[in-house]
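Spelled out from the first residue to the last, the chains are:
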Amino acid sequence: MKRLEQMTLDELWQLFPIIISPHNPLWNEWAKEEINRLSGIFSEFSPVITHIGSTAIPAIQAKPIIDILVEVNPHCDSALIKNAMESSGYICMNQSPSRMSFNKGYTPEGYAQKVFHIHVHNLGDNDEILFRDYLIEHPERAKEYESLKLSLLPKYRHDRDGYTAAKTAFVNTTLQMARIHSH
């Protein structure tokens, strides 16, 4: 059996299709447990760690993947962070000067019971929190988001990049609404 790092993007998308599940109250518990683990990994970096993404929004269906935002000082050593995360079992998916993304819960057989995406950003780079909070405060908008995601599923089940791109306009409009609402 091929190891994950040996698979093409197409093979990975076939093994890990986009799945949307009813809201699971355990997602918040799993997020808290993972945040505790991450607090230990990041202890020397004084992080701000937050459960984000659709699994943090009650009463809407979501991909059963827990998204967690870890905000760190921009002067933190990214090589140290990357090494600490990888030695703790996370896979670095991408890295830029101000962001890193890690995954856990992907196996050669498919998804594990608990799957996590960890987003490491500089302090204050956190539109995801504004988006989440706006959807929690506006359940009708959250339901629109859920409907959009469900409508995209047939076309993008095996194309995570296309799925994400197709949600961008909705996300940007919602962020604009949230900024207006917060002033």
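Everything in this summary refers to the structure shown in the same document.

Thresholds, definitions, all that
- Residue positions are given per chain, counted from 1 along the sequence in the order it is written.
- Given that the model is predicted, a residue must reach a pLDDT of at least 70 before its local features are reported, and side-chain atom pairs must reach 80 or more before they are shown or counted; all residues, however, enter totals for whole chains, interfaces and linings.
- Side-chain calculation: all heavy atoms of the structure are included, whereas hydrogens and water are not.
- Here a strand is any run of E in DSSP of at least two residues, a helix any run of H or I of at least four, and the numbering for each starts at the N terminus.
- C-alpha atoms define the radius of gyration in this analysis, and the globule rule sets the expected value at 2.2 Å times the number of residues to the power 0.38.
- The axes are straight lines fitted to the C-alpha atoms, using for helices just the contacting stretch, and the angles between their N-to-C directions are given from 0 to 180°.
- Orientation is classified from the angle alone, with under 35 degrees giving roughly parallel, over 145 giving roughly antiparallel, 65 to 115 giving roughly perpendicular, and any other angle giving oblique.
- Contact criterion: two residues are considered in contact whenever any of their non-hydrogen atoms come within 4.5 Å of each other.
- Classes in brief: Ala, Val, Leu, Ile, Met, Phe, Trp, Tyr, Cys and Pro nonpolar; Asp, Glu, Lys and Arg charged; the others, Gly included, polar.
- Paired strands are those between which DSSP finds at least two bridges.
- For this analysis, a nonpolar core means a set of buried residues of the types Ala, Val, Leu, Ile, Met, Phe, Trp, Tyr and Cys, connected via side-chain atoms within 4.5 Å.
- Only protein chains enter the area calculation, which uses a 1.4 Å probe; residues under 20% of their type maximum are buried, those over 50% are exposed, and those in between are partly exposed.
- To estimate the expected span of a helix, subtract one from its residue number and multiply by 1.5 Å.
- Fitting axes to the seven residues ending at a residue and to the seven starting there, one defines the bend at that residue as the angle between these axes.
- Counting of polar contacts relies on pairs of N or O atoms within 3.5 Å, with two restrictions inside protein: one atom must be capable of donating a hydrogen and the other of accepting it, and residues adjacent in sequence are counted only when both atoms are side-chain atoms.
- Note on definitions: salt bridges are taken to be side-chain nitrogens of Lys or Arg within 4 Å of carboxyl oxygens of Asp or Glu.

Our focus in this paragraph is the overall build of the chain. When helices and strands are counted, the chain shows 6 helices and 5 strands. For the chain, the α and β elements follow one another from N to C terminus as α-α-β-β-α-β-β-β-α-α-α. Relative to the globule expectation of 16 Å for 183 residues, the C-alpha radius of gyration of the chain, 16 Å, shows essentially globular dimensions. Expressed as lengths along the three principal axes of its C-alpha atoms, the size of the chain is roughly 45 × 40 × 30 Å.

Time to look at the packing of helix α4 (residues 127–137) against helix α6 (residues 160–181). It is the contact of α4 with α6, at a shortest axis distance of 9 Å, that shows an interaxial angle of 80°. In this view, α4 runs roughly perpendicular relative to α6, as classed from their interaxial angle. Residue-level inspection shows Asp-127, Leu-130, Phe-131, Tyr-134, Leu-135 and Glu-137 of α4 in contact with α6, the latter providing Phe-170, Val-171, Thr-174, Leu-175, Met-177, Ala-178, Arg-179 and His-181. Looking at side-chain class alone, the contact of α4 with α6 contains 9 nonpolar, 2 polar and 3 charged residues.

Strand pairing in a sheet relies on backbone hydrogen bonds. The paired strands run either parallel or antiparallel. Pairing within the open sheet is mixed, and its 5 strands lie in the order β1-β2-β5-β4-β3. Every interior strand has two partners, whereas the edge strands, β1 (48–52) and β3 (91–95), have only one. When the angles between neighbouring strand axes are averaged without regard to direction, this sheet yields 20°.

Our focus in this paragraph is the nonpolar core. Counting residues in each nonpolar core, the largest one holds 24 residues, and the members touching the most others are Leu-38, Phe-42 and Ile-118. The set of elements that each furnish at least two residues to this core consists of α2 (26–41), β2 (66–72), α3 (78–87), β4 (99–107) and β5 (110–122). No other element matches α2, which puts 6 residues into this core. By size, the runner-up hydrophobic cluster in this structure holds 8 residues, among which are Ile-57, Ile-60, Phe-131 and Leu-175.

A few words now on α6. Across its 22 residues, α6 extends 30 Å between first and last C-alpha, which sits within 8% of the 32 Å expected from 1.5 Å per residue. At Thr-168, α6 shows its maximal kink, close to 40°. Listed as buried for α6 are Arg-160, Gly-162, Tyr-163, Lys-167, Phe-170, Thr-174, Leu-175 and Ala-178.

As a further point, take α3. The opening residue of α3, the one whose side-chain oxygen lies 2.9 Å from the backbone nitrogen of Ala-79, is Asp-77. Positive phi shows up at Gly-89, right after α3, with a value of about 100°.

Applying the stated criterion across every chain, the model contains 9 salt bridges. Between Glu-33 and Lys-114 there is a salt bridge, and its shortest N-O distance comes to 3.2 Å. Of this pair, Glu-33 sits in helix α2 while Lys-114 sits in strand β5; the two residues are 81 residues apart in sequence, bridging distant segments of the chain. When the shortest N-O distance is used, the salt bridge between Glu-144 and Arg-141 registers 2.8 Å. Remark: Arg-141 and Glu-144 occur in helix α5 (residues 139–156); sequence separation between them is 3 residues, near one turn of the helix. Counted as one network, the salt bridges with shared partners bring together Glu-34, Arg-37 and Lys-104.

What follows is about the side chain of Glu-34. With respect to the helices, strands and loops of the structure, Glu-34 is situated in helix α2. For Glu-34, the side chain forms a polar contact with the side chain of Tyr-90, separated by 2.2 Å. Other than its neighbours up to four places away in sequence, Glu-34 contacts Ile-68, Tyr-90, Lys-104 and Phe-116.

Right, let's get into the environment of Val-48. Along the chain, the position of Val-48 falls in strand β1. Its relative accessible area of 38% is what places Val-48 among the partly exposed residues. Put simply, Val-48 and Ser-147 are 99 residues apart on the chain and 31 Å apart in space, counted from C-alpha to C-alpha. Residues within four places of Val-48 in sequence aside, it is in contact with Leu-69, Val-70, Glu-71 and Leu-123.

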